[in-house]
Amino acid sequence: MLHPPEGFRPTPPRQYFWQSGLGPALCVAVVFGWHEASLAFLALSLPGMAAGAGMAWLSVFGRRQAILGSLTAWCFFYLPLALAATLIAMPAEARPGAITLGIVGIQCLTLILATAWHGRRCPSPTAGDRVLSWPGIRLDLTRRTIHRDSPVASPGVGGAAAALASVPLYHALRPWLESEPGLASLALAMNLLCAGLTATTVARPLAQGWRLRAVERGRGLFVSERLPELERLRQDHAVGRWLRQRIPLRAEV
């Protein structure tokens, strides 16, 4: 499931999906140019910010957050980045639609198969169950709450060291990456990376969100165990109090 971020605050801009236009804008830039890309970025970022605001102020971080959040990440990040890498590697005079459709098909198939696999690992509750354990989460069937099994590990020093090491590595490989074999290898690596991230970071919350729908049919809406804490943070702000008076948390947004 997509859980509330650690140190959640409803006001910082990083909570909002303004980045939703980056991936599609890169594809537009490769095909049409940077002017058109800037228009695409603005067009997609504005609704992305609205969606992010809805998450920050209104979501109960249940099944709808898992489904919509994972599909948003796939549609606006992973799929466009896989396509952009392929378009960059192809000659400017020949960008056959068959290759583009093939990339979309492979990424879609990866998402479908990985979601089905993760869904099979989420058993349905049986009579007498009070807690249901799925990979990474526990469902309290009595209180109808979603619990994270373990905190998300921080990248820490290792992540920073990897980021620093990538700079000299890029400069060392730059002449090769600018050649046709280098671009083709980069496109293949980016597609494999996007497919792997789809299978691990997108498919699981998507599958768990769909599986939770079946559980909720007979029990009611499940919410994050941290919802009371999140609501206290939201109610510290005038906009949070104003929204809650008009939109009670009877369902997710």
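Residues numbered from 1 in each chain as written. Predicted model: local features only at pLDDT ≥ 70, side-chain atom pairs only at ≥ 80, totals over all residues. Heavy atoms only, no water.

### So, the environment of Leu58
Mapped onto the elements, Leu58 comes out in helix 2 (residues 34-58). A relative accessible area of 8% places Leu58 in the buried class. A C-alpha to C-alpha distance of 8.1 Å links Leu58 and Ile247, two positions 189 residues apart in sequence. (Helix = DSSP H or I, 4+ residues; strand = E, 2+ residues; numbered from the N terminus. Buried < 20%, exposed > 50% of the residue type's maximum accessible area, 1.4 Å probe, protein only.)

### Remarks on helix 6 (residues 180-217)
Its 38 residues place the ends of helix 6 54 Å apart at the C-alpha level, agreeing with the 56 Å of an ideal helix rising 1.5 Å per residue. Of all the bends in helix 6, the greatest, near 40 degrees, is centred on Ala203, and the proline Pro205 appears no more than four residues after it. (Expected span 1.5 Å × (residues − 1). Bend = angle between axes of the 7 residues up to and from the residue.)

### Notes on the environment of Leu46
By the element assignment, Leu46 lies in helix 2. Judged by relative accessible area, Leu46 falls into the exposed class, the value being 58%. Placed 27 residues apart in sequence, Leu46 and Gln19 show a C-alpha to C-alpha distance of 9.7 Å.

### Details of the side chain of Asn191
With respect to the secondary-structure elements, Asn191 resides in helix 6. On the accessibility criterion, Asn191 (10% relative accessible area) is buried. Excluding residues that lie within four positions of it along the chain, Asn191 makes contacts with Ala82, Thr86, Ile103 and Gln107. (Contact = heavy atoms within 4.5 Å.)

### Quick word on the confidence of the model for the chain
Counting all residues, the mean pLDDT for the chain is 83, and 83% of those residues have values of 70 or more. Ignoring residues within four places in sequence, the model shows residues 152-167, a span with pLDDT below 50, making zero contacts including any to other chains. (pLDDT = per-residue confidence, 0-100.)

### Quick word on the packing of helix 3 (residues 63-89) against helix 6
Contact pair helix 3 / helix 6: the axes reach a minimum separation of 9 Å and the direction vectors enclose 165 degrees. As judged from the angle between their axes, helix 3 and helix 6 are roughly antiparallel. Here helix 3 and helix 6 pass one another in a crossing that is left-handed. A per-class count over the contact of helix 3 with helix 6 returns 22 nonpolar, six polar and three charged. (Axes fitted to C-alpha atoms, helices over the stretch in contact; angles between N-to-C directions. Parallel < 35°, antiparallel > 145°, perpendicular 65-115°, else oblique. Left-handed = near helix turned anticlockwise from the far one by under 90°. Nonpolar A, V, L, I, M, F, W, Y, C, P; charged D, E, K, R; others polar.)

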